[in-house]
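# Structure assessment
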Amino acid sequence: MTADFDVISPYLGLRGRWVPAALHNHTVGSDSDPVPPARAAELARQAGIEVLGLTDHDRRLPELPWTERDWAAAQRVTGILVVRGHEATYPRLGDTREHVNCLAVLPDEVGVPPGVPGFPQAVGQAGGVAWLNHPGLWNCRPEQVLDTPAFDGLIGLEVYSGARLLLEGRTGTRGTLAVSLWDALLTARRRSWALASADCHAWEPGLPDWVANGQTVLNLETVDQPSVLDCLRRGIFYATTGPRIEVLEVTHRTYRVAAPWASEIRFLGAGGELLLAREGPEATYRFTGAERYVRAEVISRERVHADQPLVRHTAWLQPAFIHPRS
Ligand SMILES: [Zn+2]
């Protein structure tokens, strides 16, 4: 019997290896000393990161002390690819300012101001990619994201933010996780990929925003900037606070995941509905054709970082979209 539905997934026919990336980080924090780009690259490399995005706030770029020579020094650190970018500040929306991470472009290269419809597309035309940073405040109001044209064209959102976890600990502000928002976007058939970021400001191991706490793991055949950007646009990655994926196979019938040390693997569908949960390091979901999308979460209960008491260690895998044939 042939299936009467199509499956569209970024994981169909994976060919690369999994490369840990930290794509949203700052060289200048508000209450810490500036960290030169080459020092940031060295610290990230020691933490196991192979691709490092340095994305200082657009409003702070003019005060950065770095010269082109400093940036070139960062790019010469071996064993890690450094990608420059910036964090764009959107005008106030409701009770918060939204930040959009812009990788591989600087503000004067984008022809549209932040917050104006067409900004994400302009980032793309300038050769970069853009996604929504730490949007957990919108979990209960996804319409704020869905109905704002200036967010159309983003590749996705941070479902996990190390810096927000730090804020939760200090001020009780919520917003570390944006998984409910992500499900709302996917349920509305918005193509949106999940990323995880440290949003590192302080460069202190042990803090929740340490560069390695919250990673986007890219499937790459070649580690260079064009391949990283292509991988991000196409969604060929997963987000994680710890668990590593060993097997990830999506076919037109099944979604199979294996992860050493995983205590549970869950498959979720429209609205975040739990479709299947399996204990242990391996699970396979068989599509019925009635799902709108199916995504997977891998949960590990091992203590990866001593400073992360508020969240389980989770890997968020991208959705497979199910399209009935008419
Ligand atoms: Zn940031």
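Here, every reference points to the structure presented above.
Here goes a summary of the coordinates provided. (Residues numbered from 1 in each chain as written. Predicted model: local features only at pLDDT ≥ 70, side-chain atom pairs only at ≥ 80, totals over all residues.)

### Considering the overall build of the chain
For the chain, the count of helices and strands is seven helices and 18 strands. The globule rule puts the C-alpha radius of gyration for 326 residues at 20 Å, and the 19 Å found for the chain is close to it. Summarising its shape, the C-alpha atoms of the chain cover approximately 65 × 40 × 40 Å along the three principal directions. Within the chain, the fraction of its 326 residues that count as buried is 48%. Considering only residue pairs separated by 6 or more positions, the chain has 69% of its internal contacts joining residues 24 or more positions apart. (Helix = DSSP H or I, 4+ residues; strand = E, 2+ residues; numbered from the N terminus. Rg over C-alpha atoms; globule rule 2.2 N^0.38 Å. Buried ≥ 20, exposed ≤ 12 C-beta atoms within 10 Å, placed from the backbone. Contact = placed C-beta atoms within 7 Å.)

### Regarding helix H7 (residues 225–234)
Turning to H7, its buried residues are Val 228, Cys 231 and Leu 232. All buried residues of H7 fall inside an arc of 100 degrees around its axis, so they share one side. Two residues or fewer past H7, Gly 235 is found with a positive phi of approximately 80 degrees. (Arc of directions from axis to C-beta.)

### Focus on the sheet that holds strand S12 (residues 254–258)
The strands making up a sheet associate through hydrogen bonds between their backbones, and the pairing can be parallel or antiparallel. Spatial strand order, S11-S12-S15: three strands in an open sheet with antiparallel pairing. Edge positions in the sheet fall to strand S11 (247–250) and strand S15 (282–286), since each has one partner strand and no second. Strand-to-strand twist of the sheet, defined as the mean angle between neighbouring strand axes without regard to direction, takes the value 5 degrees. By the bridge criterion, five bridges tie S12 to S15 in an arrangement that is antiparallel. Paired with Arg 256 across the two strands is Thr 284, which belongs to S15. (Pairing = 2+ DSSP bridges. Axes fitted to C-alpha atoms, helices over the stretch in contact; angles between N-to-C directions.)

### Remarks on helix H6 (residues 179–187)
For H6, the tally of buried residues reaches seven of nine residues, placing the bulk of the element in the interior. Those residues of H6 that fall on the buried side of the exposure criterion are Val 179, Leu 181, Trp 182, Asp 183, Ala 184, Leu 185 and Leu 186. Buried positions along H6 lie against helix H4 (143–146), strand S7 (156–161), strand S8 (193–197) and strand S16 (293–300). One or two steps after H6, the chain reaches Arg 189, where phi turns positive at roughly 60 degrees.

### As for the nonpolar core
Soluble globular proteins: nonpolar side chains tend toward being buried together. Ranked by size, the top nonpolar core spans 98 residues in total, and within it Leu 52, Val 159, Val 211, Leu 218 and Val 257 carry the most contacts. Per-element tally for this core: the top contributor is H6, with six residues. Ignoring anything within four residues of it in the chain, the contact list for Val 257 reads Ile 245, Val 247, Leu 248, Ile 265, Ala 283, Ala 296, Val 298 and Leu 317. (Core = buried A, V, L, I, M, F, W, Y, C linked by C-beta atoms within 7 Å.)

### A few points about the pairing of strand S17 (residues 313–317)
Where burial is concerned, most of S17 is hidden: five out of the five residues are buried. Of the two faces of S17, the one carrying His 313, Ala 315 and Leu 317 and the one carrying Thr 314 and Trp 316 are both buried. Of the pairings in the sheet, the one linking strand S10 (residues 237–240) to S17 comprises three bridges and is antiparallel in character. What sits directly across from Thr 240, in S17, is Ala 315. With four bridges joining them, S16 and S17 adopt antiparallel strand pairing. By the bridge assignment for S17, Glu 297 is matched with Trp 316.

### Observations concerning the pairing of strand S3 (residues 51–57)
Most of S3 sits inside the fold, with six of its seven residues counted as buried. As judged from the two bridges shared by strand S2 (residues 17–22) and S3, these two strands associate in the parallel manner. Bridge pairing in S3 links Ala 21 to Val 51.

### Some points on the packing of helix H1 (residues 37–46) against helix H2 (residues 68–75)
Axis separation between H1 and H2 bottoms out at 7 Å; the angle between their running directions is 20 degrees. Taken as axis vectors, H1 and H2 run roughly parallel relative to one another. As H1 runs across H2, the sense of the crossing is right-handed. Residues Pro 37, Ala 38, Ala 40 and Ala 41 of H1 touch H2, and the partners they reach there are Asp 70, Trp 71, Ala 73 and Ala 74. (Parallel < 35°, antiparallel > 145°, perpendicular 65-115°, else oblique. Left-handed = near helix turned anticlockwise from the far one by under 90°.)

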